[in-house]
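Coordinate analysis (summary)
Given next are the chains, with one letter for each unit.
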Amino acid sequence: MNEKHDYIAVFDSGVGGISVLRHLRKTLPGERFLYFGDSANAPYGSRPTEEVRALTLAAVEKLLAEYPLKALVIACNTATAAAVNDVRAAHPELIVVGIEPALKVAADHFPGGRVGVMATEVTLREEKFDTLLHRFDEDVTILKIPAPGLVELVEAGKVDAPETEALLKKILGPYLGKLDALVLGCTHYPFARKAIRRVLGDGVILLDGGEGTARETRRRLQQAGLLENGTGEVRICNSSPDPDMLRLSRERLQQED
Ligand code: DGL
């Protein structure tokens, strides 16, 4: 049986989901969070969908076997696109919240505007994203922007390095002056917000799905009577054998915007 004091697991392919964990902590300060980053297998976003699905399901099984969980937040757009339905089908007893690119927020704020969605190859090619896109493509012009290589730089801690800015110039250069908003459709990208802002300038609004995901998690817990008002706790685990990943994860948790 799920108990109030059980953990909320937060899962991502690596350190990216910590950008969602930061919102979760603000929205649900009395909860116990267990963060699991699968950095040993990152990046997920350039893998075949079947592999992402298998890795996600394996990570969820491991978490459920090792910890008492009352909810799971898939803080990874890629894993959500590839596997959220399978995770829900395998664990109907568990509250499962997935993240998706913040297109609704963009469409609400920029009717008739031009919105870029920067995300991984898996996210942009999956049916889930197509369905989302068709919900809003009459309200806004949506441009798909894959960003190969960016996740690797964030995983390596290079969130604001010259090479990160150089890669962003290459990726975003063709869109300069053409966007009203950019949706950061991968949870790693908010950590490179400063460099993205430098490349795009102040006129483009940056949006991500972290806050909406945290609100949805609170709503689901409240509905189930599982909200806890404790002292709050964060445990961080990572599949990488490199002990530096835990240091990098804690750095991301403390990073100023
Ligand atoms: N952080 C993940 C997302 O939100 C993907 C990173 C990866 O490619 O592993 O899509």
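Below you will find a few notes about this structure. (Residues numbered from 1 in each chain as written. Predicted model: local features only at pLDDT ≥ 70, side-chain atom pairs only at ≥ 80, totals over all residues. Heavy atoms only, no water.)

Inspection of the region around the ligand gives 13 residues, with Ser 13, Tyr 44, Gly 45, Asn 77 and Thr 78 positioned closest. Contacts to the ligand include Tyr 44, whose backbone N or O atom sits 2.6 Å from an oxygen atom. The contact in question runs from a nitrogen atom of the ligand to an N or O atom on the side chain of His 188, over 2.8 Å. Protein chains bury 99% of the 300 Å² of accessible surface belonging to the ligand in isolation. Considered class by class, the residues forming the shell around the ligand number five nonpolar, seven polar and one charged. (Near = heavy atom within 4 Å. Polar contact = N/O pair within 3.5 Å; in protein donor to acceptor, adjacent residues only side chain to side chain. Areas by Shrake-Rupley, 256 points an atom, 1.4 Å probe, with all protein chains shown as cover. Nonpolar A, V, L, I, M, F, W, Y, C, P; charged D, E, K, R; others polar.)

Bringing the sheet that holds strand β8 (residues 205–208) into the picture now. The parallel open sheet is built from four strands, whose spatial order is β6-β5-β7-β8. On the outer flanks of this sheet lie β6 (141–146) and β8, each paired with one strand and no other. Averaged over neighbouring strand pairs, the angle between their axes works out to 25° when direction is ignored. Contacting β5 (114–119), β7 (181–184) and β8, helix α9 (residues 193–200) crosses the sheet at an angle of about 145° to β8. (Pairing = 2+ DSSP bridges. Helix = DSSP H or I, 4+ residues; strand = E, 2+ residues; numbered from the N terminus. Axes fitted to C-alpha atoms, helices over the stretch in contact; angles between N-to-C directions. Contact = heavy atoms within 4.5 Å.)

Take the environment of Val 115 next. Position of Val 115 relative to the elements: it lies in strand β5. In this structure the C-alpha to C-alpha distance between Val 115 and Leu 206, which are 91 residues apart in sequence, comes to 9.9 Å. When residues no more than four places from it in sequence are discounted, the contact partners of Val 115 are Leu 103, Ala 106, Val 140, Thr 141, Ile 142, Leu 143, Leu 179, Ala 181 and Val 183.

Here the focus is the packing of helix α1 (residues 18–27) against helix α11 (residues 244–254). The description of two packed helices rests on the angle between their axes and on the distance between the axes. Between α1 and α11, the shortest axis-to-axis distance is 9 Å and the interhelical angle comes to 50°. For the element pair α1 / α11, the angle class is oblique. Crossing of α1 against α11: the hand is right-handed. Of the residues in α11, those touching α1 at Ile 18, Leu 21, Arg 22 and Arg 25 are Ser 249, Arg 252, Leu 253 and Gln 254. Taken together, the residues that form the contact of α1 with α11 break down as three nonpolar, two polar and three charged. (Parallel < 35°, antiparallel > 145°, perpendicular 65-115°, else oblique. Left-handed = near helix turned anticlockwise from the far one by under 90°.)

Next up on the list: the side chain of His 91. Mapping His 91 onto the fold places it in the loop between α3 (77–90) and β4 (95–98). Judged by relative accessible area, which is 11%, His 91 ranks as buried. (Buried < 20%, exposed > 50% of the residue type's maximum accessible area, 1.4 Å probe, protein only.)

All right, on to the layout of surface pockets then. Of the voids in this model, the largest pocket is the one considered here, and its volume is about 540 Å³. Along the wall of the largest pocket there are 26 residues; nearest its centre are Glu 100, Gly 209, Gly 212, Thr 213 and Glu 216. Every element with two or more residues in the lining of the largest pocket is listed here: α3, β4, α4 (103–109), α6 (127–136) and α10 (210–223). Per-element accounting of the lining of the largest pocket gives the leading share, six residues, to α10. The residue inventory of the lining of the largest pocket, partitioned by class, reads ten nonpolar, five polar and eleven charged. (1 Å grid on protein atoms, 1.4 Å probe; cavity = no way out; pocket = protein on both sides within 12 Å on 5 of 7 lines; lining within 4 Å. Points joined across faces, edges and corners; volume = space filled by probe spheres on them.)

Now for the environment of Val 20. Secondary-structure assignment places Val 20 in helix α1. Spatially, the C-alpha atom of Val 20 lies 13 Å from that of Gln 255, the residues being 235 residues apart in sequence. Contact partners of Val 20, with chain neighbours within four places excluded, come to Val 73, Ala 75, Ile 99, Thr 187, Gly 210 and Thr 213.

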